[in-house]
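Descriptive analysis of the structure
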Amino acid sequence: MNNWLNGIMGVAVGDALGLPVQFSTREELAADPVKEMRRCDLYWSPAGTWSDDTAMTVAMYDSIKKLGYVDADDIMQNFVRWMYKDEFTANDLCIDEGNTCCYGIMNYRDYGDIHTCGKTGEHANGNGSLMRTLPVCLFYAEKVKDGETTIDDAIRDIHLISALTHNHLRASIACGLYFFCIYAILYEDGSLNDRLQKGMDAGFRYYGTDDSYEFELSFYGKFMDLAEFSRTPESEIKSSGYVVDSFEAAIWALITTDSYRNAMIKCVNLGDDTDTIAAIAGGLAGLYYGYESIPEEWLSVLRKRDWLEDMCK
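Residues numbered from 1 in each chain as written. Predicted model: local features only at pLDDT ≥ 70, side-chain atom pairs only at ≥ 80, totals over all residues. Heavy atoms only, no water.

Focus on the overall build of the protein
Looking only at helices and strands, one finds 16 helices and zero strands in the protein. Scaling as 2.2 N^0.38, a compact globule of 313 residues should have a C-alpha radius of gyration of about 20 Å, and the protein matches this with 18 Å. Dimensions of the protein, computed from the C-alpha atoms along their principal axes, are close to 45 × 45 × 40 Å. Of all 313 residues assigned to the protein, the portion counted as buried reaches 59%. Taking as baseline every contact in the protein between residues at least 6 positions apart, the subset at least 24 positions apart corresponds to 73%. Separation of charge centres in the protein, based on 27 positive and 50 negative side chains, amounts to 3 Å. (Helix = DSSP H or I, 4+ residues; strand = E, 2+ residues; numbered from the N terminus. Rg over C-alpha atoms; globule rule 2.2 N^0.38 Å. Buried < 20%, exposed > 50% of the residue type's maximum accessible area, 1.4 Å probe, protein only. Contact = heavy atoms within 4.5 Å. Lys, Arg positive; Asp, Glu negative; His and termini not counted. Charge placed at Lys NZ, Arg CZ, Asp CG, Glu CD.)

See the structure below:
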């Protein structure tokens, strides 16, 4: 099983499905729901175009694949190449850059300091680090499983990579919980819901040993009981770009569906930050259901499909 192919293509297809209706309201999508790939009029782009979510994911993966380890400086250099040279993009054009990501990348370009480039404060809690976190989380899940590193070292680096643009503990914890979910999907037994719950349980146990995490971890309290969370009506699910809202929407879509296709359709038709929520959920769904579960009619129009697949192989 190629976990990189499953996860990264899961991100890319979810991103591309959601991008054409980004910022549409839930009411608008209820009247015209997304079920297949559409042309992206927002960026004058053909169907299958993916955005910054996938581009930054691929830029990070490219660095890890090239070096064989996680290097924050090299990752930031790839982000600079993406934003200023249009590399790692679907149509050779950088699109849909988030403000907080732009801030961090510009800071790094100008000053070269990985520890101070990221934006700080409450407004650094968008979903821009969570959307791209799959490569570093997957890398460390495999290393931890093989006994080549510790969870402490994994979480330290996952937090660091998150803070390159979103230098706030709440955003970093979201990426840490994503890591625990990935680990559970790959190495635990049971249904997707079972594995996600095991992942969240492991994450809460890890962060719960340190009082300095207590306040920020409390924002993710709904993940402590996913069975209860799954009964939350859609009207109470927020699909904004705030990291807590996006993570909740992605997990809710996963635990209330039974396939990659249905999870992505559910994510996208929530409206608002459609591409990023589908990308966040898509990485986890891809890892669980596998590349073969992604509809071929979606893959067939995905921009640079062959390039993405070759990278993952």
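Side note on helix α16 (residues 305-312)
For α16, the set of buried residues is Arg-305, Leu-308, Glu-309, Met-311 and Cys-312. Each buried residue of α16 sits inside an arc of 160° when the element is viewed along its axis, so together they form one side. Along α16, the residues that are exposed and aim more than 90 degrees away from the buried face are Asp-306 and Asp-310. Where α16 is buried, its residues meet α1 (3-18), α3 (52-67) and α15 (296-299). (Arc of directions from axis to C-beta.)

Here we look at empty space enclosed by the protein
Applying the stated criterion to the full structure yields two cavities of 30 Å³ or more. What the largest cavity holds in volume is close to 40 Å³. Residue lining of the largest cavity: Trp-50, Ser-51, Asp-52, Ala-55, Trp-82, Thr-89, Ala-90, Asn-91, Leu-93 and Ile-95, and that is the complete set. Here the residues of the lining of the largest cavity are counted per class, giving six nonpolar, three polar and one charged. The volume enclosed by the second largest cavity comes to roughly 30 Å³. Taken together, Met-60, Ser-129, Arg-132, Thr-133, Val-136, Ile-158, Ile-161, Ser-162 and Cys-175 make up the lining of the second largest cavity. In terms of residue count, helix α7 (residues 151-163) provides more of the lining of the second largest cavity than any other element does, three residues in total. Per-class residue counts for the lining of the second largest cavity are five nonpolar, three polar and one charged. (1 Å grid on protein atoms, 1.4 Å probe; cavity = no way out; pocket = protein on both sides within 12 Å on 5 of 7 lines; lining within 4 Å. Points joined across faces, edges and corners; volume = space filled by probe spheres on them. Nonpolar A, V, L, I, M, F, W, Y, C, P; charged D, E, K, R; others polar.)

Observations concerning the packing of aromatic side chains
The tally for this structure, following the rule as stated, stands at 17 aromatic pairs. When the ring of Tyr-220 is compared with that of Phe-247, the centres are 6.2 Å apart and the planes differ by 70°; the resulting orientation is edge-to-face. On the criterion of sequence distance, the pair formed by Tyr-220 in the loop between α10 (214-217) and α11 (226-229) and Phe-247 in helix α12 (residues 243-255) is long-range, its members being 27 residues apart. By the burial criterion, Tyr-220 is buried, and Phe-247 matches it. Seen from their ring centres, Phe-223 and Phe-229 are 6.0 Å apart, and the 75° between their planes marks the pair as edge-to-face. Classification of Phe-223 by relative accessible area gives buried; the value is 1%. (Phe/Tyr/Trp six-rings, centres within 6.5 Å; stacked < 30°, edge-to-face > 60°.)

Here's the deal with the side chain of Asp-157
Locating Asp-157 in the fold gives a position in helix α7. Reaching out from Asp-157, the side chain makes a polar contact with the side chain of Arg-156 at a distance of 3.1 Å. The residues contacting Asp-157, other than those within four sequence positions of it, are Val-70 and Tyr-140. (Polar contact = N/O pair within 3.5 Å; in protein donor to acceptor, adjacent residues only side chain to side chain.)

What about the packing of α3 against helix α4 (residues 72-85)?
Helix-helix packing is characterised by the crossing angle of the two axes and by the distance between the axes. For the pair α3 and α4, interaxial distance at closest approach is 9 Å and the crossing angle is 140°. In terms of orientation, α3 and α4 fall into the oblique class. As α3 runs across α4, the sense of the crossing is right-handed. Contact residues: Asp-52, Ala-55, Met-56, Ala-59, Met-60, Asp-62, Ser-63, Lys-66 and Leu-67 in α3; Asp-74, Ile-75, Asn-78, Phe-79, Arg-81 and Trp-82 in α4. (Axes fitted to C-alpha atoms, helices over the stretch in contact; angles between N-to-C directions. Parallel < 35°, antiparallel > 145°, perpendicular 65-115°, else oblique. Left-handed = near helix turned anticlockwise from the far one by under 90°.)

Structural notes on the pattern of salt bridges
Per the stated rule, a full pass over the model turns up 17 salt bridges. Across the pair Glu-87 and Arg-81 runs a salt bridge whose closest N-O atoms are separated by 2.5 Å. Between Lys-143 and Glu-148 there is a salt bridge; the shortest N-O distance is 2.8 Å. Its relative accessible area of 51% is what places Glu-148 among the exposed residues. Among the ionic contacts, a cluster of salt bridges with common partners joins Glu-36, Arg-261 and Glu-297. (Salt bridge = Lys/Arg side-chain N within 4 Å of Asp/Glu carboxyl O.)

Brief notes about α4
Compared with an ideal rise of 1.5 Å per residue, which puts 14 residues at 20 Å, α4 spans 19 Å between its outermost C-alpha atoms and is within 8% of the ideal. Restricting attention to buried positions, one finds in α4 the residues Ala-72, Asp-74, Ile-75, Met-76, Asn-78, Phe-79, Val-80, Trp-82 and Met-83. Check the buried side of α4 and you find it contacts α3, α5 (99-111) and α7. Sitting at the amino-terminal end of α4 is Asp-71, which places a side-chain oxygen 3.2 Å from the backbone nitrogen of Asp-73. Phi for Asp-86, located one or two positions after α4, is positive at around 65°. (Expected span 1.5 Å × (residues − 1).)

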